[in-house]
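Letter by letter, the chains look like this.
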Amino acid sequence: MDGTAAKIDLKAAQEAVELITGGWRAQCLHTALTMGIPDHLAAGRTTDAQLAEATGALQEGVHRLMRLLVAMGVFEGDGEGGYRNTAVSGVLLDRPDSLRNMCLLYGAEFYTAWGHAPAAISTLTSGFELAYGEPLYSYLSHDHDANKRFQLAMKSGNLFFDHVPQAVDFAGRSFADIGGGIGQLTAAILAAVPDTHGTLLDREHVVPVAARNLAGSVGLDRVELVGGDMFQAVPQGRDVYLLCRVLAGWSDDAVVGLFENCRKAMADPSARLVILERVVADEDSSVLAALWDLHLLMTNGGRHRTLGAFTAMLDRAGFDVERVAELPAQTTAVIAAPRTV
């Protein structure tokens, strides 16, 4: 050591600070949505004073929050002349298909789960379970407010639903949406394909929500709603079995068992199993794909799988991958045919 301090790489240091403070940015956005600021701006309450009156917050606090969010590009303008929504805050307004509920959920329960990241990563234990003392889905079954936000967040994250009928042939066929949640994918398919019939299977407490959602969108005349456990049984005799983002929290053996349930229930060899999932790559992964994978560990102890992993599990269950299609929102459709020999 010659006593000369090493010169710090200022560009690298700035990048490090951007990463270090990333959580603060997310929480400021969550705060703005909790206060309803995008909707207040849309309603004409645009100055610091007007926002303070509308939210019950002190004007200085509003000003300091908005100063940051303007710098981040969430809003534009200033506290005296008035703020305006940008394209970013426009997708966070309180309206159908908004990302608002995703932000509200991710900034609360899921943010708390991420606070246990070191233990979760070290032990492969769900960060949510470490934080709340029970698994995510158990928690959602009795916390109705969190379950509502969860279902709406899942809805807002499923921007690819309208593209599924373009990747899979449903014309004149029946389908089963296994673990179909509140029915958004089922509704998208029924709306796009007039001569298809659907069945939605999910947990008992989810089915009434799905029924209300479907009744208000496409009606209930072409859909059957079934409450149950997909690992125990799936509806019999359908032409297409859909598994949309329901596999990540389960072990390989459990998933293979579910695949086998679907194969045994299929109408005939022309039936298909369709997996709709985020697929991770071990080489040249994008940041977002790797981040979604770790997020699953934090929330339900799950993980995203590679295409090779899905292919191997399908093979164990008696399926061959027929084709793969890329959909929006980092989603991959894996279409598998039951093996006939």
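Starting afresh in each chain, residues are numbered from 1 along the sequence in its written order. With the structure being a predicted model, the display of local features is reserved for residues of pLDDT at least 70 and the display and counting of side-chain atom pairs for 80 or more, all residues being used for whole-chain, interface and lining totals. Hydrogens and water are ignored here; the side-chain numbers use all heavy atoms of the structure.

Colleague: Outline the pattern of salt bridges, supporting the account with residue identities and numerical values.
Modeller: Side-chain pairs of opposite charge can arise whenever the charged atoms involved come near each other. Whenever a carboxyl oxygen of Asp or Glu lies within 4 Å of a side-chain nitrogen of Lys or Arg, that contact is scored as a salt bridge. Overall, the coordinates contain 15 salt bridges when judged by the stated rule. Between Asp 315 and Arg 339 there is a salt bridge whose closest N-O contact spans 2.7 Å. Residue Asp 315 is located in helix H18 (residues 307–316), and its partner Arg 339 is located in the segment after strand S9 (331–338); the two are separated by 24 residues in the primary sequence. Here the salt bridges do not stand alone but share partners, grouping Glu 109, Asp 145 and Arg 149 into one network. Runs of H or I in DSSP of at least four residues are treated as helices and runs of E of at least two as strands, each being numbered from the N terminus.

Colleague: Which residues make up the sheet that holds strand S4 (residues 197–202), and what are the values?
Modeller: Pairing between two strands requires that DSSP report at least two bridges joining them. Taken in spatial order, the seven strands make up an open sheet running S5-S4-S3-S6-S7-S9-S8, and their pairing is mixed. The open sheet is flanked by strand S5 (223–227) and strand S8 (319–327), the only strands paired with a single partner. Averaged over all pairs of adjacent strands, the angle between their axes in this sheet comes to 20 degrees, without regard to strand direction. Taken together, the five bridges between strand S7 (residues 272–277) and S9 define a ladder with antiparallel strand orientation. The residue of S9 that forms the bridge with Leu 273 is Ala 336. Axis lines are fitted through C-alpha atoms, for helices just across the contact stretch, and the angle between N-to-C directions can take any value from 0 to 180 degrees.

Colleague: Outline a nonpolar patch on the surface, listing residues and values.
Modeller: Taken together, the side chains of Trp 114, Ile 121, Val 287, Leu 288, Leu 291 and Leu 294 define a hydrophobic patch exposed on the protein surface, amounting to about 520 Å² of accessible area. Examined against the element boundaries, Trp 114 turns out to sit in helix H8 (residues 109–114). Think of a patch as exposed residues, more than 30% relative accessible area, with no salt bridge, where like charges cluster within 9 Å and nonpolar side chains (Val, Leu, Ile, Met, Phe, Trp, Tyr) cluster within 5 Å. Computed with a 1.4 Å probe, the accessible areas rest on the Shrake-Rupley method; for each residue, only the protein chains presented here act as cover.

Colleague: Quick rundown of the nonpolar core? Include the residues and the values.
Modeller: Ranked by size, the top nonpolar core spans 26 residues in total, and within it Ile 178, Tyr 241, Leu 247, Phe 259 and Leu 273 carry the most contacts. Among the elements that line this core, the one with the most residues is helix H16 (residues 252–265), at six residues. The criterion used for residue contact is that any of the two residues' heavy atoms lie within 4.5 Å. Sequence-distant contacts of Leu 247, that is, excluding residues within four places in its chain, are made with Val 255, Leu 258, Phe 259, Ile 275, Glu 277, Arg 305 and Phe 310. Among buried residues, the Ala, Val, Leu, Ile, Met, Phe, Trp, Tyr and Cys ones that are joined through side-chain atoms within 4.5 Å form a nonpolar core. Burial classification: accessible surface area is computed with a 1.4 Å probe over protein chains only, and a residue below 20% of its type maximum counts as buried, one above 50% as exposed, and the rest as partly exposed. One finds Phe 161, Ala 167, Val 168 and Leu 185 within the second-largest nonpolar core, a separate group that totals 24 residues.

Colleague: Give me the pairing of S4: which residues, what numbers.
Modeller: Along S4, five of the six residues are buried, which leaves the element largely enclosed by surrounding structure. Here strand S3 (residues 174–178) pairs with S4 via five bridges, running parallel. From the neighbouring strand, Ser 174 faces S4, where its bridge partner is His 197. Assessed by its sense of winding, the connection that carries the chain from S3 through helix H14 (residues 184–192) to S4 is right-handed. On the question of chirality, the crossover connecting S4 to the parallel S5 by way of helix H15 (residues 207–217) is right-handed. For a crossover, the right-handed case is the one in which the path from the first strand over the helix to the second runs clockwise, viewed with the strands pointing away from the viewer.

Colleague: Now, about the packing of helix H1 (residues 10–20) against helix H2 (residues 22–34): what can you tell me, with residues and values included?
Modeller: Axis separation between H1 and H2 bottoms out at 4 Å; the angle between their running directions is 40 degrees. Viewed along their axes, H1 and H2 adopt a mutual orientation that is oblique. For the pair H1 and H2, contact is made by Glu 18, Leu 19 and Ile 20 and by Gly 22, Gly 23 and Arg 25, respectively. Only Asp, Glu, Lys and Arg are considered charged, only Ala, Val, Leu, Ile, Met, Phe, Trp, Tyr, Cys and Pro nonpolar, and every remaining residue, Gly among them, polar. Here the contact of H1 with H2 is composed, by residue class, of two nonpolar, two polar and two charged. Note on angle classes: values under 35 degrees are labelled roughly parallel, values over 145 roughly antiparallel, values of 65 to 115 roughly perpendicular, and the remainder oblique.

Colleague: Requested: an account of the environment of Ile 37, with residues and values cited.
Modeller: Along the chain, Ile 37 falls in helix H3 (residues 37–42). Separated by 55 residues in sequence, Ile 37 and Leu 92 place their C-alpha atoms 9.8 Å apart. With near-sequence residues (within four places) excluded, Ile 37 lies in contact with Ala 32, Leu 51, Leu 65, Met 66 and Phe 75.

Colleague: Would you mind going over the pairing of strand S1 (residues 75–78) in detail, with residue names and values included?
Modeller: As defined by bridge partners, S1 adjoins strand S2 (residues 82–85) across four bridges and the pair is classed as antiparallel. Bridge assignment links Gly 77 to a residue of S2, and that residue is Tyr 83. Between the end of S1 and the start of S2, which pair antiparallel, lie three residues.

Colleague: Run through the state of the cysteines, naming residues and quoting values.
Modeller: The disulfide definition used here is simple: a pair of cysteine sulfur atoms within 2.5 Å. A full pass over the atoms with the stated rule returns zero disulfides. A disulfide-free cysteine, Cys 103 has its sulfur positioned 11 Å from the sulfur of Cys 28, the nearest such atom.

Colleague: If you had to explain the packing of H2 against helix H5 (residues 59–71) to someone new, which residues and values would you point to?
Modeller: Relative orientation of the contacting elements H2 and H5 amounts to 120 degrees, with a least axis distance of 10 Å. The pairing of H2 with H5 is recorded here as oblique in orientation. At the point where H2 passes H5, the crossing takes the left-handed sense. Across from Cys 28, Leu 29, Thr 31 and Ala 32 in H2, the residues of H5 making contact are Leu 65, Leu 68 and Leu 69. Note: crossing handedness is left-handed where the near helix turns anticlockwise from the far helix by less than a right angle, and right-handed where it turns clockwise.

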